[in-house]
Amino acid sequence: MKAVITLLASLFFSVITYAEISVSEKNALLQFNKSTNGEQWKTKWNLNTPVTTWYGVKVVNNKVVSIDLSDNNLSGTIPASISDLRYLNVLNLFKNQVSGSIPQSIGDMKSLQVLNISFNKLTGSIPNELSNATSLVEIELFMNNLSGELPTSIGLLTKLQTLSLYNNQISGEIPNSLYDLKSLKVLQLNSNKLVGNLSNSVSKLVALENLSLFDNKMNGQVPLDIEKLENLTEMNISYNNFNGLVSKKLAKKDVLSMTMINEYGVAVTLNVHVDKDKAIVSEE
């Protein structure tokens, strides 16, 4: 009887130890491996071993919850079937050679919290469908070649804390819905092709700690309401076409002291009066 119990316990332990993920999740991983040229990765997957042994893949309770393949020589494109990884919390493909567009299907990934495909070769626009992935806390897509406008639906991502899209070709204006992201701590949109005003609604971003709009083509008055952002410790909105008056307090917040580009392409600064909490434009 003891021998039978021992055998059953051993079998039970084996099942738990070697339990596999679902067929759909495994197929999604295999398709991802193929689509990103897995044979050329620095650290490859041995497809003949359990998924739990595959480099960069984290499995919890037989569900794939994280993929971290940063700096691993991935190339090719991200397949639409990535959304079959329905329990995925983290997708980190930082610093690879991934090209093509961001799949619309990522919006179906309701568990996704961290999306980092920065420092790659992505093209196309950020899909509106991404805003359906409402668990997102971090979106990092910087250092790519993304174009088009920011999705107007971005305000649906109410848990978002980091939006880092610098060094792309993103154009158009900042959508009003973005100012509804009251959990946002980091907003980095520098070195793009953004135009239009920075709305006074920026004061609604009460959690904001880092604001970077450097090197765009935004214009109009610098909103004095930025002063209301008590958590803001890093700001760089210089090298835009902003104009008008700024307060001494606001000028001190900017890394480059509000250095702008005027209509003649000349760098100008917003100088602050010593005796007044105001500023005027003057050329250096």
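Refer to the structure printed above.
Residues numbered from 1 in each chain as written. Predicted model: local features only at pLDDT ≥ 70, side-chain atom pairs only at ≥ 80, totals over all residues. Heavy atoms only, no water.

Visitor: Is there a simple way to think about unusual backbone geometry in this case?
Guide: Phi is positive for Asp71, which is not a glycine, with a value near 50 degrees. For Met143, which is not glycine, the phi torsion reads 60 degrees and is therefore positive. Within the fold, Met143 resides in the loop between strand E7 (138-140) and strand E8 (162-164). When its relative accessible area of 31% is taken as the criterion, Met143 is described as partly exposed. (Helix = DSSP H or I, 4+ residues; strand = E, 2+ residues; numbered from the N terminus. Buried < 20%, exposed > 50% of the residue type's maximum accessible area, 1.4 Å probe, protein only.)

Visitor: Is there a simple way to think about the packing of aromatic side chains in this case?
Guide: The full count for this structure, using the stated rule, is seven aromatic pairs. On the basis of an interplanar angle of 55 degrees and a centroid distance of 6.4 Å, the ring pair of Phe94 and Phe142 is categorised as tilted. Of the two residues, Phe94 is situated in the loop between strand E3 (90-92) and strand E4 (99-100) and Phe142 in the loop between E7 and E8; the sequence distance between them amounts to 48 residues. Judged by its relative accessible area of 10%, Phe142 is buried. A ring pair is formed by Phe142 and Tyr166, whose centres lie 4.5 Å apart and whose planes are at 5 degrees; its orientation type is stacked. (Phe/Tyr/Trp six-rings, centres within 6.5 Å; stacked < 30°, edge-to-face > 60°.)

Visitor: Sorry if this is basic, but what is going on with a nonpolar patch on the surface here?
Guide: Taken together, the side chains of Tyr239, Val255 and Leu256 make up a nonpolar region of the molecular surface, amounting to roughly 250 Å² of accessible area. Given the relative accessible area of 33%, Tyr239 is considered partly exposed. (Patch = residues over 30% accessible without salt bridge, like charges linked within 9 Å, V, L, I, M, F, W, Y side chains within 5 Å. Areas by Shrake-Rupley, 256 points an atom, 1.4 Å probe, with all protein chains shown as cover. Salt bridge = Lys/Arg side-chain N within 4 Å of Asp/Glu carboxyl O.)

Visitor: Just to check I follow, could you spell out the environment of Glu20 for this structure?
Guide: Among the structural elements, Glu20 can be located in the loop between helix H1 (2-18) and helix H2 (23-35). Looking at Glu20, the relative accessible area reads 35%, which means it is partly exposed. When residues no more than four places from it in sequence are discounted, the contact partners of Glu20 are Lys26, Pro50, Val51 and Asn62. (Contact = heavy atoms within 4.5 Å.)

Visitor: It is not clear to me how the sheet that holds strand E13 (residues 217-221) should be interpreted in this structure. Could you clarify?
Guide: Sheet architecture is open: four strands sit in the order E9-E11-E13-E15, paired in parallel fashion. For this open sheet the edge positions go to strand E9 (171-172) and strand E15 (241-243), each flanked by a neighbour on one side alone. In this sheet, strand E11 (residues 193-196) lies alongside E9 in parallel orientation, the contact comprising two bridges. Note on E11: the bridge partner recorded for Gly172 is Leu194. (Pairing = 2+ DSSP bridges.)

Visitor: I tried to follow the nonpolar core on my own but got confused; where do I start?
Guide: A general feature of soluble globular proteins is that nonpolar side chains tend to end up buried together. One finds Leu178 and Met258 to be the most contacted residues of the largest nonpolar core, which totals 70 residues. Those elements that provide at least two residues to this core are H2, strand E2 (63-68), helix H3 (248-253) and strand E17 (267-272). Examining the composition of this core, we find that three residues originate from one element, H2, more than from any other. For Met258, the contacting residues outside a window of four places in its chain are Val222, Met235, Ile237, Ser238, Val246, Leu250, Ala251, Val268, Thr269 and Leu270. (Core = buried A, V, L, I, M, F, W, Y, C linked by side-chain atoms within 4.5 Å.)

Visitor: Can you help me understand the sheet that holds strand E5 (residues 114-116) in this one?
Guide: Strand pairing in a sheet takes place through backbone hydrogen bonds and is either antiparallel or parallel in direction. Strand order in the open sheet formed by nine strands is E1-E2-E3-E5-E7-E8-E10-E12-E14, with mixed pairing between adjacent strands. Of all the strands in the sheet, just strand E1 (57-60) and strand E14 (234-236) have a single pairing partner and so form its edges. The mean inter-strand angle of the sheet, taken between neighbouring strand axes irrespective of direction, is 15 degrees. (Axes fitted to C-alpha atoms, helices over the stretch in contact; angles between N-to-C directions.)

Visitor: It is not clear to me how the side chain of Asn236 should be interpreted in this structure. Could you clarify?
Guide: With respect to the secondary-structure elements, Asn236 resides in strand E14. Classification of Asn236 as buried rests on a relative accessible area of 13%. For Asn236, the contacting residues outside a window of four places in its chain are Leu211, Ser212, Leu213, Phe214, Asp254, Val255 and Leu256.

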